[in-house]
Amino acid sequence: MQIVSILRSKFRDSSGYPYFYTHYAWVIVTIIAVMQMVGTSVRMSFGLFIEPLESEYGWTQNTISVAYAIASIVTAISAPVAGWVGDRYGAKATMSFGTIIFFVGMILTGTVTSPWQFYLYFGVFTGVAQAIFLVPLIPAAMIWFRRHLGLGMGIIMSSWGFGPALAAPLIGFLLEALNWRDAFWILGTSASIVMALLIVLFRDRPIDRGVLPYGHREGDPVLEKTRPRPEKMREYGTYMRKTAAFWNMSSIHFLGCVGHAVVLIYIVPFAVHQGLSLVMAAAILTVMSAVSVISRLFVPVLSENLGARTVMAVFYFLQAMPVLLLFWAHELWILYSFAILFGIGYGGETGVFPILNRKYFGHAPMGTAWGVQMMGAGLGMAFGGWIGGPIFDIFGTYDLVWWISIISSLGGMISIMLLESTKELIIPDWESNRAPPSEA
Amino acid sequence: MQVKDVRLLGLPLQFVVVALVSLSLTVFLGAWVADDRIEARKGIVSEQNTATVASEEKEVWESLFLFSCPLH
């Protein structure tokens, strides 16, 4: 409690209100961060399952990796739907559904005997589950923050960097100790239990807990007691879809993800090509992820204070420029310097989107907008993860691969600079268009 | 009129440009790789001096990419 008092006294915003104080919003942030870590870590550790499946069934790596591609594409396509479901039925109900789908998918994956079963159970089921874990939870967190959204988003975004780092060794241990089927069953069951317990503590809105949103001040509108009317949600969905920002943020997210997916997938084979051992090459990814956690944490806060578009454009630039080092990366120190510099930009790429959504769309339900942006991100990861393969096969060099990354990130930066001003909302204010008192 | 106000097919110009360029690159590179693989298989079959129907067989994805790409 002393630490809280110190934080309260030291950090105050421009109006003198405390920047940090105890509030159930931090419980919500923690729940969402853990749910996203748990829910996405299995897919991030997919590579660990390739060898056991190869050994048992003799399937080729191409056959096995199709399941991962299917899961990525299903997640991307499901993202807008998952966002809409979250807006319509609330994040708690949506998360419950996602946990069931995840559990069923993981258990069934442990029973596969043919590729089509693997594609359906892992590709489709966990793909849908991942969309639910990634998409509705961010708008759900946004409802809890009237102000200082960047702080909450920073914590949630930084969890995206921790999940794979923590999950991979655990999954590796399970695979060593047991067989891959038992690993899927244990992972699926234990992750589902953890998520079910977290869902019990989760509340869709502050009013469900009898509190006001974090950062609420006297005179601010109070959230409606009932869930938004479907007609009003449809009306605001139409307003959002008519804006250029709604679509352009999706393509910007696509470009940003192409920019880093190319590097994440091809830096290890490139480094091995340069003469590094696989362990030293993999450590580049670890350094990159570790550094990205720091920028994930701070970039949303910076964007609230220094301007969302400016900060976002800077971090897209910081994601692009270090890739130039790879044209001269013949020594270990250059590769690790690249990892540190790239990690800064890479970590800051995603964190500003929720802040921009708040600037443009205010307090309107954000699920569909965020879902469309995550669809762009998912397709960008798939495209970036794939394109390096054919380019290297055709040209025999990674140079053009790195140019794809640079051009994508810079293209995203230019697109950001062309976005609408964030000085005012670009749709009618959701809170000034309230339901008649009899419906509240 | 600013760039962000220009629309194509009802969607913002920059969104359409990114989508078209990405799709075009995917189809072009996919067809290039498919073409190279088919030529490589033909080459192997010629070296083995056997003319079989299998040398002309394409995988489904190879056929799809080659069909989609007007330059291949």
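Remember, predicted model here, so these are calculated numbers, not experimental data.

Asks: Explain the interface of chain A and chain B to me, using residue names and the numbers behind them.
Replies: On the chain B side, the residues contacting the 17 residues of chain A number 15 residues. At the level of secondary structure, the elements contributing two or more residues to the side of chain A that touches chain B comprise α11 (244–273) and α16 (367–395) of chain A. Here the side of chain A that touches chain B gets seven residues from one element, more than from any other, and that element is α11(A). Taken together, the residues of the side of chain A that touches chain B sort by class into eleven nonpolar, four polar and two charged.

Asks: Go over the confidence of the model for chain A, please, and point to the residues and values.
Replies: All names here are of chain A. Averaged over every residue, the pLDDT of chain A is 87; the share at 70 or more is 94%. At the level of individual helices and strands, chain A shows its lowest average pLDDT in helix α1 (residues 2–10), which scores 57, and its highest in helix α13 (residues 308–320), which scores 96. Counted against residues more than four places away or in other chains, residues 435–440, with its pLDDT under 50, gives six contacts.

Asks: Pulling in residues and values, what's your account of helix α12 (residues 278–306) of chain A?
Replies: Residue and element names in this part refer to chain A. Between the first and last C-alpha of α12 there are 41 Å, a value that for 29 residues agrees with the 42 Å anticipated at 1.5 Å per step. The largest bend along α12 measures about 30° and falls at F298, with the proline P300 one to four residues further on. Count one or two residues on from α12 and you reach G307, which has phi positive near 110°.

Asks: Residue-level account of the packing of helix α4 (residues 61–89) of chain A against α16(A), with values.
Replies: Residues and elements named next belong to chain A. Their axes nearest at 7 Å, the elements α4 and α16 cross at an angle of 175°. Taken as axis vectors, α4 and α16 run roughly antiparallel relative to one another. Here the contact of α4 with α16 is built from residues that sort into 15 nonpolar, eight polar and one charged.

Rules and cut-offs
Residues numbered from 1 in each chain as written. Chains lettered and ligands numbered in written order. Predicted model: local features only at pLDDT ≥ 70, side-chain atom pairs only at ≥ 80, totals over all residues. Contact = placed C-beta atoms within 7 Å. Helix = DSSP H or I, 4+ residues; strand = E, 2+ residues; numbered from the N terminus. Nonpolar A, V, L, I, M, F, W, Y, C, P; charged D, E, K, R; others polar. pLDDT = per-residue confidence, 0-100. Expected span 1.5 Å × (residues − 1). Bend = angle between axes of the 7 residues up to and from the residue. Axes fitted to C-alpha atoms, helices over the stretch in contact; angles between N-to-C directions. Parallel < 35°, antiparallel > 145°, perpendicular 65-115°, else oblique.

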